[in-house]
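Commentary on secondary and tertiary structure
Okay, here's what each chain looks like letter by letter:
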Amino acid sequence: MPEAVRTQRVKRPMPVAQVTGKRKEAVARVRFRPGAGSVVVNGRPVEVYFPALSHRNHALEPLRVAGMEEEMKYDIDATIDGGGISGQAGALRLGISRALVQLEPELKSALKQAGLLTRDSRVKESKKYGFKKARKAPQYSKR
């Protein structure tokens, strides 16, 4: 195989913490590695992946509560599958919270008080047979 065709693999440090966060149908696998504080989601910077400021603030809220937003000593690498943009932001939020607790257990009380360690269990209700959606019935006709 010619040298020009072969791609070089980037050697990254092993993850210090590796956790999973879920919300609706979205699943986020979050890895913390020693680094300068960059946040990468599915190979793209978080600003590109979550262009809406509200989703970005929601996803990165655990860093703000922990006081690590300015001086992060870890790079966050996340892989998110399934769901929509809002569910993915929620899944990333839970994953970051769990990883922070794994790395620094003294943050647990602050994150728990802010409600960041609870998995939001609300999911879409399943469709029932004979109905159009979960609760929407076909129009009733008397005759």
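Note that the coordinates shown come from a computational prediction; the quantities given were computed from them, not determined experimentally.

Conventions we followed
Counting restarts for each chain, with residues numbered from 1 along the sequence as it is written. Confidence filtering applies because this is a predicted model: local features only for residues at pLDDT of at least 70, side-chain atom pairs given and counted only at 80 or more, and all residues used for totals across whole chains, interfaces and linings. Only hydrogens and water are set aside when side-chain values are computed; all heavy atoms of the structure are taken into account. Per the convention used, a helix needs a DSSP run of H or I reaching at least four residues, while a strand needs a run of E reaching at least two, with both numbered from the N terminus. All radius of gyration figures rest on C-alpha atoms, and the globule criterion is 2.2 Å times the number of residues raised to 0.38. Only protein chains enter the calculation, and the probe is 1.4 Å; a residue is then buried if its accessible area is under 20% of its type maximum, exposed if over 50%, and partly exposed in between. Pairing between two strands is assigned when DSSP locates at least 2 bridges connecting them. What makes two residues a contact is simply this: any of their non-hydrogen atoms within 4.5 Å. Axes, fitted as lines to C-alpha atoms, cover a helix only where it is in contact. Angles between the N-to-C directions of the axes lie from 0 to 180 degrees. The working definition used for a salt bridge is a side-chain nitrogen of Lys or Arg within 4 Å of a carboxyl oxygen of Asp or Glu. Residues form patches when they are more than 30% accessible in relative terms and have no salt bridge. Like charges link within 9 Å. Nonpolar side chains (Val, Leu, Ile, Met, Phe, Trp, Tyr) link within 5 Å. Working definition of accessibility: Shrake-Rupley area with a 1.4 Å probe, residue cover restricted to the visible protein chains. Only four residue types enter the charge count, namely Lys and Arg as positive and Asp and Glu as negative; His and the chain termini do not. To locate a charge, take NZ of a lysine, CZ of an arginine, CG of an aspartate or CD of a glutamate.

A few points about the overall build of the protein chain
- Assigned secondary structure in the protein chain consists of five helices and five strands.
- Put simply, the protein chain runs from its N terminus to its C terminus through helices and strands in the order β-β-β-β-α-α-α-β-α-α.
- For 143 residues, the compact-globule formula gives about 15 Å, and the C-alpha radius of gyration of the protein chain, at 20 Å, lies well above that figure.
- Here the C-alpha coordinates of the protein chain stretch approximately 75 × 55 × 25 Å along the principal axes.
- Relative to its 143 residues, the protein chain shows a buried fraction of 34%.

Digging into the sheet that holds strand E4 (residues 44-45)
- Strand order across the open sheet formed by five strands is E1-E2-E5-E3-E4, with mixed pairing between neighbours. At either end of the open sheet lies a strand with only one pairing partner, and these are strand E1 (17-23) and E4.
- The pairing of E1 with strand E2 (residues 26-34) spans seven bridges and is classified as antiparallel. Residue pairing in the sheet places alanine 17 in a bridge with phenylalanine 32 of E2.
- Relative to the sheet, helix H4 (residues 85-103) contacts E1, E2, strand E3 (39-41) and strand E5 (74-81), its axis offset from that of E1 by approximately 145 degrees.

Section: the pattern of salt bridges
- Under the defined criterion, the tally for this structure stands at 10 salt bridges.
- Glutamate 104 serves as the salt-bridge partner of lysine 73, at 3.9 Å between the closest nitrogen and oxygen. Of this pair, lysine 73 sits in the loop between helix H3 (61-66) and E5 while glutamate 104 sits in the loop between H4 and helix H5 (108-113), and the two are 31 residues apart along the sequence.
- Owing to a relative accessible area of 49%, lysine 73 belongs among the partly exposed residues under this scheme.
- By relative accessible area, which is 17% here, glutamate 104 ends up buried.
- A single salt-bridge network, built from bridges that share partners, covers Arg23, Asp120 and Arg122.

Some words on a positive patch on the surface
- Together, Lys124, Lys132, Lys133 and Lys136 make up a region of like positive charge exposed at the surface.
- The topology assignment puts lysine 136 in the segment after H5.
- What makes lysine 136 partly exposed here is its relative accessible area of 49%.

In short, the description is geometric, and any link to function would need to be established separately.
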